[in-house]
Amino acid sequence: MTVVVRHIETPTYVMNEDGDFRCPHEDVTIEYEQGGDGITEPRGGWTVDCNDCQNEDLEDWEIDGLLEANQPEEPDYE
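Each residue is numbered by its place in its chain's sequence as written, counting from 1. It should be noted that, the model being predicted, local features are given only for residues of pLDDT at least 70 and side-chain atom pairs only at 80 or more, the latter also being counted only at that level, while totals for whole chains, interfaces and linings use all residues. The basis for the side-chain values is all heavy atoms of the structure; hydrogens and waters are excluded.

Quick word on the pattern of salt bridges
To be explicit about the condition: Basic side-chain nitrogens of Lys or Arg form a salt bridge, by our definition, when they fall within 4 Å of a carboxyl oxygen of Asp or Glu. Under the DSSP-based scheme used, a helix requires at least four consecutive residues in state H or I and a strand at least two consecutive residues in state E, with every element numbered from the N terminus. Burial classification: accessible surface area is computed with a 1.4 Å probe over protein chains only, and a residue below 20% of its type maximum counts as buried, one above 50% as exposed, and the rest as partly exposed.
Enumeration over the complete set of coordinates arrives at three salt bridges. Put simply, glutamate 59 and arginine 22 hold a salt bridge, and the shortest N to O gap is 3.6 Å. Of the two residues, glutamate 59 sits in the loop between β4 (43-50) and α1 (60-70) while arginine 22 sits in strand β2 (residues 21-22), which places them 37 residues apart along the sequence. Exposure remark for glutamate 59: the relative accessible area of 37% places this residue in the partly exposed category. Judged by its relative accessible area of 15%, arginine 22 is buried.

What follows is the structure in structure tokens.
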């Protein structure tokens, strides 16, 4: 008898106070993209990516909270 075992990676979800299962966003990558001059090209900004849920469960207010909690500093490209 042969048993095939597959490892399926799924994000870990936890129940919040409303009883909904949400991603806790524990594996987050925060990067700064330089962008353009702001006139002919859009300015740069911060990108927040959750590696667990691939941003499917990431809302705007959570992004703001993650940026505030980590307080990344804008790189000096000059």
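Some thoughts on the side chain of glutamate 62
Our working definition: Polar contact criterion, stated in full: a pair of N or O atoms within 3.5 Å, where within protein one must be able to donate a hydrogen and the other to accept it, and residues adjacent in sequence count only if both atoms are side-chain atoms. By definition, residues are in contact when any of their heavy atoms lie within 4.5 Å.
Residue position: glutamate 62 is located in helix α1. The exposure class of glutamate 62 is buried, given its relative accessible area of 12%. In this structure the side chain of glutamate 62 is engaged in a polar contact, spanning 3.4 Å, whose partner is the side chain of histidine 25. Leave out the neighbours within four places in its chain, and glutamate 62 touches Arg22, His25 and Asp57.

Quick word on a nonpolar patch on the surface
The condition that has to hold: Patches here are clusters of residues that have more than 30% relative accessible area and form no salt bridge, with a 9 Å joining cutoff for like charges and a 5 Å cutoff for nonpolar side chains (Val, Leu, Ile, Met, Phe, Trp, Tyr). All accessibility values rest on the Shrake-Rupley procedure with a 1.4 Å probe; residue burial counts only the protein chains present in the view.
On the surface, a nonpolar cluster with roughly 460 Å² of combined accessible area is contributed by Met1, Val3 and Val5. Look at valine 3 and you get exposed, because its relative accessible area is 62%.

Scope: geometric values only; no functional claims are made or implied.
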